[in-house]
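Remarks on the overall topology
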Amino acid sequence: MRRKVIAGNWKMNMLPGEAISFLQAFEPLIKHTENEVVLCVPYTDLFYALNFAQDTNIKIGAQNMHWEESGAFTGEVAPGMLKAIGVEYVIIGHSERRQYYNETDETVNKKLKAAFANDLKPIVCVGETLEEREAGITAERITSQTRLALEGLTNEQVKNTIIAYEPIWAIGTGKTATAEDANNSIKEIRNEVEKIYGKDVADEIIIQYGGSVKSSNAKELFEMSDIDGGLVGGASLKADEFSKIVNFDKQV
Ligand code: PGA
């Protein structure tokens, strides 16, 4: 049985004081969950969030990193820097980074390898645009993004990768893929992993859904056969709302 991983992606939101208030309200609400709870916060909140999260069941992640270990890359953060302060997870290749910051399948692959070299758990995002969906090339797009992201990783590393399937047209728009649609796309991704890395790996790899997940649709989505939790943007900014998503399996 694969576990459910529910990750919040705060994007460019939350000052340290707001992060601490969030965590104080959120932690008591989710402390009994068996689901894995991750919060991917801005760099400037990492110290505060890590400090708070010690001795809780909340894991802390970053939202991006460089692939190089160090060097003349003004403004960038290296994987080893994240590891050194206790970060466990890192989002790689979010569609906003692909769209606004020239992230490519090639840089995503380099970052994935760098994450494993530094013992960070990557959450890699893939997803089609509205045009690609309308052109009927969703499966082709997401399987090729998956293949290129994972290229050159060992079976063990692929097993420990989390993939977030996030249809771009569903991010921050209030439009959610139907549970069936999301499940079908995730099956396509899992089949692609099986073709290259075998059934063992495909059965174990966690594949999340992301794109306008909220407490009112989380249960339906996360109970689908192949959806192993979610990557949640807007709805992860409110402690009460995000706790209901984490506790989706307690909803009646
Ligand atoms: P959303 O964002 O939940 O606000 O749609 C999801 C994401 O971009 O990870």
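Since the model is a prediction, treat every value here as computed from it, not as a measurement.

Moving on, we get to the pattern of salt bridges. Scanning all chains against the criterion turns up 21 salt bridges. Among the ionic pairs, Arg-133 bridges to Asp-181, the shortest N-O distance being 3.1 Å. One end of the pair, Arg-133, is in helix α6 (residues 130-134); the other, Asp-181, is in helix α9 (residues 179-197), and 48 residues separate them in sequence. Where Lys-159 meets Glu-156, a salt bridge forms, and the shortest distance between an N and an O atom there is 4.0 Å. Taken as a pair, Lys-159 and Glu-156 lie in helix α8 (residues 155-159) at a separation of three residues, close to a single helical turn. One salt-bridge network, held together by shared partners, links Arg-2, Arg-190, Asp-226 and Asp-228.

Turning next to the site of the ligand. Contacts to the ligand come from 13 residues, most closely from Lys-11, His-94, Glu-166, Gly-172 and Ser-212. Here an oxygen atom of the ligand sits 2.8 Å away from a polar atom, N or O, in the side chain of Lys-11. In this structure, Gly-172 approaches the ligand through a main-chain N or O atom, which is 2.7 Å from an oxygen atom. When the free accessible area of the ligand is taken as 280 Å², the share hidden by the protein chains comes to 95%. Taken together, the residues that form the shell around the ligand break down as four nonpolar, seven polar and two charged.

For an α-helix, the turn length of 3.6 residues means that residues three or four places apart are oriented alike. Its 19 residues give α9 an end-to-end C-alpha distance of 26 Å, which sits within 8% of 27 Å, the value for a rise of 1.5 Å per residue. Buried residues of α9: Ala-179, Ala-182, Asn-183, Ser-185, Ile-186, Ile-189, Arg-190, Glu-192, Val-193 and Tyr-197, and no others. In the segment just after α9, Gly-198 is the residue with positive phi, at about 95°.

On to helix α12 (residues 239-246), then. Three or more residues of α12 are buried, namely Ala-239, Phe-242, Ser-243, Ile-245 and Val-246. Projected down its long axis, α12 carries its buried residues within an arc of 155°, all on one side. On its buried face, α12 sits against β1 (5-9), α1 (16-30), β2 (36-40), α11 (218-222) and β8 (229-232).

Scoring rules and cut-offs
Residues numbered from 1 in each chain as written. Predicted model: local features only at pLDDT ≥ 70, side-chain atom pairs only at ≥ 80, totals over all residues. Heavy atoms only, no water. Salt bridge = Lys/Arg side-chain N within 4 Å of Asp/Glu carboxyl O. Helix = DSSP H or I, 4+ residues; strand = E, 2+ residues; numbered from the N terminus. Near = heavy atom within 4 Å. Polar contact = N/O pair within 3.5 Å; in protein donor to acceptor, adjacent residues only side chain to side chain. Areas by Shrake-Rupley, 256 points an atom, 1.4 Å probe, with all protein chains shown as cover. Nonpolar A, V, L, I, M, F, W, Y, C, P; charged D, E, K, R; others polar. Expected span 1.5 Å × (residues − 1). Buried < 20%, exposed > 50% of the residue type's maximum accessible area, 1.4 Å probe, protein only. Arc of directions from axis to C-beta. Contact = heavy atoms within 4.5 Å.

In short, the description is geometric, and any link to function would need to be established separately.
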